[in-house]
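Listed here are the chains, written in short residue letters.
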Amino acid sequence: MDDRELVDALRAGDESAFLALVRAHHGSMLRVASMFVPSAAVAEEVVQETWLAVLKGLDGFEGRAPLKSWIFRVLANRARSRAQKEGRSSPFSEFEADDEPAVDGARFLPDDHDRWPGHWSAPPPQWAEERLLTQEMLQIAGVAIDALPPQQRQVIVLRDVEGQSSDDVCEALGVSEGNQRVLLHRARSKVRAVLERHFEEPRR
Amino acid sequence: MTALLPEELTCRQVVEVITDYLERRMSLKDRTRFEQHVVTCVGCTSYLRQMKQAIALAGAAKDPVDAKAQDELLRLFRGWKEKK
């Protein structure tokens, strides 16, 4: 179903269309909201309010941006104003610079090595697809994402879990494209490193 | 966009600019330098593949909605429908 058909189904009161939309985005919405507001209970309230605002705003949805981008923009606005009321600053008011390397420096030969400067000393092995696409690895990826610093988590949830475009994410979060890219890079690199550790463990 | 990368990249540099590459935020010259390194480097080829796999896995890692929340939202939907 494309966005236009989905919006028409929702306007017509189609419950299964609404539930499909909820299943697709509710979990990520909670993750994003919880980074603005002080408690899980408040995050749930904000997400509920967002769903109602989305339903009420359907007639005004023009389809210029994807529906999911619009939903997350409504969510970010609501979460931000709620955070203000609770006296919390926006999680993006200060950019959390973090200059950890993407890969442990010990994995590379020294930069003044005479033959292979800065080359892998222990090259990463290939990951078998059949092991990757298991429930276990999915769970590990989810835990790795939840363990990220808040800004990195928010960006990777919107970009890679939700599959939104960089422009839409920058607009929803009020962050520059460059900073968004740095956060995404840190987040993806860390998730990859966690997966690698699990791949290296012997199979149980 | 102008070239920012050295002519010959090290693997240590590749893993730091890989997101710029995947996001297509590199000048054509840098893109070429990046690709020239990767095609001749087994480790970086494998690393690039792992990054793509990690991204795909994140895309499949959605949190399930618990039944209670789903019921509440369905009530909200019905309430909205009636008021329309």
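Every value quoted in this text rests on a predicted model; they were computed, and no experiment measured them.

1. Quick word on the overall build of chain A
Step number 1: Secondary structure assignment for chain A yields 9 helices and 0 strands.
Step number 2: If you list the helices and strands of chain A from N to C, you get α-α-α-α-α-α-α-α-α.
Step number 3: Expressed as a percentage of its 204 residues, the buried residues of chain A come to 37%.
Step number 4: At a minimum sequence separation of 6, the contacts of chain A that also span at least 24 residues come to 65%.

2. What to know about the domain arrangement of chain A
Residues and elements named next belong to chain A.
Step number 1: Split by domain assignment, chain A resolves into domain 1 (3-85) and domain 2 (105-200).
Step number 2: Computed from C-alpha coordinates alone, the two centres of domain 1 and domain 2 are separated by 27 Å.
Step number 3: Each side of the interface is counted separately: domain 1 has 11 residues, and domain 2 has 12 residues.
Step number 4: Residue assignment for the side of domain 1 that touches domain 2 shows that the elements contributing at least two residues are helix H2 (15-33) and helix H4 (67-85).
Step number 5: Sort the elements by how many residues they give to the side of domain 1 that touches domain 2 and H4 lands first, with 5 residues.

3. Some details on the packing of helix H6 (residues 135-146) of chain A against helix H9 (residues 177-200) of chain A
When two helices pack together, their arrangement is given by the angle between the helix axes and the distance between those axes.
Residue and element names in this part refer to chain A.
Step number 1: Running from N to C, H6 and H9 cross one another at 140°; their axes reach a closest spacing of 9 Å. As summarised for this structure, H6 and H9 are arranged oblique, according to the angle between their axes. For the pair H6 and H9, the crossing hand works out as right-handed. On H9, the residues that touch Met137, Ile140, Ala141, Ala144 and Ile145 of H6 are Lys190, Val191, Val194, Leu195 and His198.
Step number 2: Each residue belonging to the contact of H6 with H9 can be placed in one class, and the counts come to 8 nonpolar, 1 polar and 1 charged.

Calculation criteria
- Residues numbered from 1 in each chain as written.
- Chains lettered and ligands numbered in written order.
- Predicted model: local features only at pLDDT ≥ 70, side-chain atom pairs only at ≥ 80, totals over all residues.
- Helix = DSSP H or I, 4+ residues; strand = E, 2+ residues; numbered from the N terminus.
- Buried ≥ 20, exposed ≤ 12 C-beta atoms within 10 Å, placed from the backbone.
- Contact = placed C-beta atoms within 7 Å.
- Domains from an automatic or database assignment.
- Axes fitted to C-alpha atoms, helices over the stretch in contact; angles between N-to-C directions.
- Parallel < 35°, antiparallel > 145°, perpendicular 65-115°, else oblique.
- Left-handed = near helix turned anticlockwise from the far one by under 90°.
- Nonpolar A, V, L, I, M, F, W, Y, C, P; charged D, E, K, R; others polar.

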